[in-house]
Amino acid sequence: MQKGDIQRAFFYFFLYSPLGIICPLIGQYLSSIGFSGTQVGTITSLGTGVAIIATLVWGKIYANSHKKRIIISVLCIGSAAFGIFSTTTTVFILYAVIYSLLYFFQGAVHGLADAFIISKSKNFSIIRAVGAGGYAIAVFVAGRFAEGYGLKGIFYLYAITFLISGVMILMESEPEFYKEKTEKINMSEVFRNKAFLKLLICAFFLMGTNIANSTYYGYLFREGGGTVAGIGLAFLLMAGSEAPFMALTPVLSRKFGAEKMLLAAMVMTVIRFGFYATGPSSQMLLATFFLQGMTNGIVLVEIVKAFGRVVEERLSSMSISIYYAVGNSLSVIFCSIVGGVVLDFAGPNMVYLFFAAFNAISVVLYIAMGLYKSDKKL
C-alpha cells in the first residue's frame, strides 16, 4: 500500500461507522417513537431528497475548492451535530426537518470522500473494504447497545464516530492535481457525456434498493422471528462479508473485466432480493449473509470507479457527486417511499419482491445499452 493509506483506511473505518450505526436501526427507532411504515419511508426519503441537493451543492464547491479536506471535515461535524439534535423530538414534522438537515451534511460526505481518496491513492478498493468493516462492526455494536440501553443511544454513537472522522481528514494533505487547477468545473460538461448518462440511468435502478434495504431488512428479520440484537449480528455478518469481496474486486476485475463483474453482481442482487421475498426465517437470513458481500462488495466499489473513469480526470469528482445525488439518492427516495407504502399494505416480503423487480430493470438496461462490453469507455 502507498504511504498514508493505512491512515486513510482508519479514516474510512470511522467514516462508514455512522452509517452502520444508524441505517439498519433507523426504521426500528422511528417505529419505537410511534411512526408508521409510511411515515418511516417519508422521513428517510425526505432526508435523501435533501441529500440530492446537498451533494450537487457541496460537489460543486468541492470541485472548485483548494480546501477539500476542510469541506469534508465540516460535513462530518455537521452530521454529528444534527445526529444529536434528532433525539430531541418525537413530533413527526419537527423530526422530518431535523433529519433533512442531518442529510444536508451526511448526504454529501461519502461521495466527496470517495473522490478525495481516489485522487490520492491507487488502493481505493482496499481502503473502501476497511470502510465496510467499520460499517459491519458498528452495526453489531449499535445493535447490542440498543438492546441494552435503548435505540435513542445510537445517535450518540453516530455523532462520536463522525467527529473522529472530521478530525482524521484534517491530517491529510490536499490532492496535488487540484492544487494546480484554476479552471472552473461546470455540471453541464458531465451531462454531455453519453456513456455517463447511460451508466447513471442503470445506477438509478440499482442503487436505491441497496440503501433502502438497510431500513427494511430489520422488518424482514423480525418477521422471520429475529430480535433487535439479532439485526445487529446479521448486519455484522453481511456488511463484514463485503470487505473481502471489495479487496478481491481489483483482481477479479482484471481477470474478467470490470464491466462484466459489475453485471454479475447486478444479477446476483436480483436473485438475493428475490430470495428475501419468499419470507425466509431469521436463521436462514443469517445463514445466507454472504449474499450481501457477493453483491455490494463488488457494486459499491466498481460503480464509483466507473463514474470516476467514464469522464475526464478533471471532471471525476463532479461525476461521482452527480452519481451520488441522482443515481444513488434519487433512487433511494423512490425505493424508500414505495417500500414504506408496500410495508404498510403488504408486509416486508412484498417490499423485497419490489426491490428484485426494480433491480431487474437495471440488468436489462445495462445489457441493452451494451455497458457490459469491455471495449466501452467505462
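Shown above is the structure to which this text applies.
Residues numbered from 1 in each chain as written. Predicted model: local features only at pLDDT ≥ 70, side-chain atom pairs only at ≥ 80, totals over all residues. Heavy atoms only, no water.

Q: Residues and numbers for the packing of helix 11 (residues 258–276) against helix 15 (residues 348–368), please.
A: Look at helix 11 against helix 15: their axes get within 7 Å of each other, and the N-to-C directions meet at 160°. Viewed along their axes, helix 11 and helix 15 adopt a mutual orientation that is roughly antiparallel. Two packed elements cross with a definite hand, and for helix 11 against helix 15 that hand is left-handed. Packed against helix 11, whose contacting residues are Glu-259, Leu-262, Leu-263, Met-266, Val-267, Thr-269, Val-270, Phe-273, Gly-274 and Tyr-276, the element helix 15 presents Asn-349, Tyr-352, Phe-355, Ala-356, Asn-359, Ala-360, Ser-362, Val-363, Tyr-366 and Ile-367 at the interface. Here the residues of the contact of helix 11 with helix 15 sort into 14 nonpolar, five polar and one charged. (Axes fitted to C-alpha atoms, helices over the stretch in contact; angles between N-to-C directions. Helix = DSSP H or I, 4+ residues; strand = E, 2+ residues; numbered from the N terminus. Parallel < 35°, antiparallel > 145°, perpendicular 65-115°, else oblique. Left-handed = near helix turned anticlockwise from the far one by under 90°. Contact = heavy atoms within 4.5 Å. Nonpolar A, V, L, I, M, F, W, Y, C, P; charged D, E, K, R; others polar.)

Q: How would you sum up the environment of Ala-234? Please name residues and give values.
A: Within the secondary structure, Ala-234 is located in helix 10 (residues 228–256). Between the C-alpha atom of Ala-234 and that of Gly-218, which follows or precedes it by 16 residues, the distance is 9.4 Å. Apart from the residues within four sequence positions on either side, Ala-234 is in contact with Tyr-217, Phe-221 and Leu-286.

Q: Provide a residue-level description of empty space enclosed by the protein, including the pertinent values.
A: For the structure on display, the rule yields two cavities of 30 Å³ or more. Here the largest cavity is characterised by a volume of approximately 640 Å³. As for the largest cavity, its lining consists of 35 residues, and the residues nearest its centre are Tyr-16, Leu-19, Cys-23, Ile-211 and Asn-328. Ranked by residues supplied to the lining of the largest cavity, first place goes to helix 4 (residues 92–120) with seven residues. Partitioning the lining of the largest cavity into residue classes produces 17 nonpolar, 15 polar and three charged. (1 Å grid on protein atoms, 1.4 Å probe; cavity = no way out; pocket = protein on both sides within 12 Å on 5 of 7 lines; lining within 4 Å. Points joined across faces, edges and corners; volume = space filled by probe spheres on them.)

Q: Before we move on, can you summarise the packing of aromatic side chains with the specific residues and values?
A: The final tally for this structure, using the stated rule, is 41 aromatic pairs. Relative to Tyr-323, the ring of Phe-307 has its centre 4.7 Å away and its plane inclined at 15°; by these criteria the two rings are stacked. Of the two residues, Phe-307 is situated in helix 13 (residues 290–309) and Tyr-323 in helix 14 (residues 316–346); the sequence distance between them amounts to 16 residues. The buried category is assigned to Tyr-323, whose relative accessible area is 1%. (Phe/Tyr/Trp six-rings, centres within 6.5 Å; stacked < 30°, edge-to-face > 60°. Buried < 20%, exposed > 50% of the residue type's maximum accessible area, 1.4 Å probe, protein only.)

Q: Which residues make up a nonpolar patch on the surface, and what values do they have?
A: A surface patch of nonpolar side chains, amounting to about 450 Å² of accessible area, comprises Val-91, Ile-93, Leu-94, Val-97 and Leu-101. Considering the arrangement of structural elements, one finds Val-91 in the loop between helix 3 (68–85) and helix 4. (Patch = residues over 30% accessible without salt bridge, like charges linked within 9 Å, V, L, I, M, F, W, Y side chains within 5 Å. Areas by Shrake-Rupley, 256 points an atom, 1.4 Å probe, with all protein chains shown as cover. Salt bridge = Lys/Arg side-chain N within 4 Å of Asp/Glu carboxyl O.)

Q: Describe helix 13, listing the residues and the values that go with them.
A: Along an α-helix, residues three or four apart share an orientation, since each turn contains 3.6 residues. Between its terminal C-alpha atoms helix 13 stretches 29 Å, which fits the 28 Å expected from 20 residues at 1.5 Å a residue. The largest bend in helix 13 is about 25°, located at Asn-296. Most of helix 13 sits inside the fold, with 16 of its 20 residues counted as buried. (Expected span 1.5 Å × (residues − 1). Bend = angle between axes of the 7 residues up to and from the residue.)

Q: Now, about the pattern of salt bridges: what can you tell me, with residues and values included?
A: Taken as a whole and judged by the stated rule, the model has four salt bridges. A salt bridge links Arg-69 to Glu-174, with the shortest nitrogen-to-oxygen separation between them at 3.4 Å. Here Glu-174 lies in the loop between helix 6 (154–168) and helix 7 (176–179) and Arg-69 lies in helix 3, a separation of 105 residues in the sequence. Classification of Glu-174 by relative accessible area gives buried; the value is 9%.

Q: Account for the environment of Leu-75, with residues named and values stated.
A: Position of Leu-75 among the secondary structure elements: in helix 3. As a C-alpha pair, Leu-75 and Ala-96 span 21 residues in sequence and 19 Å in three-dimensional space. The contact partners of Leu-75, leaving out residues within four places of it in the chain, are Trp-58, Phe-104, Phe-105, Ala-108, Val-109 and Leu-112.

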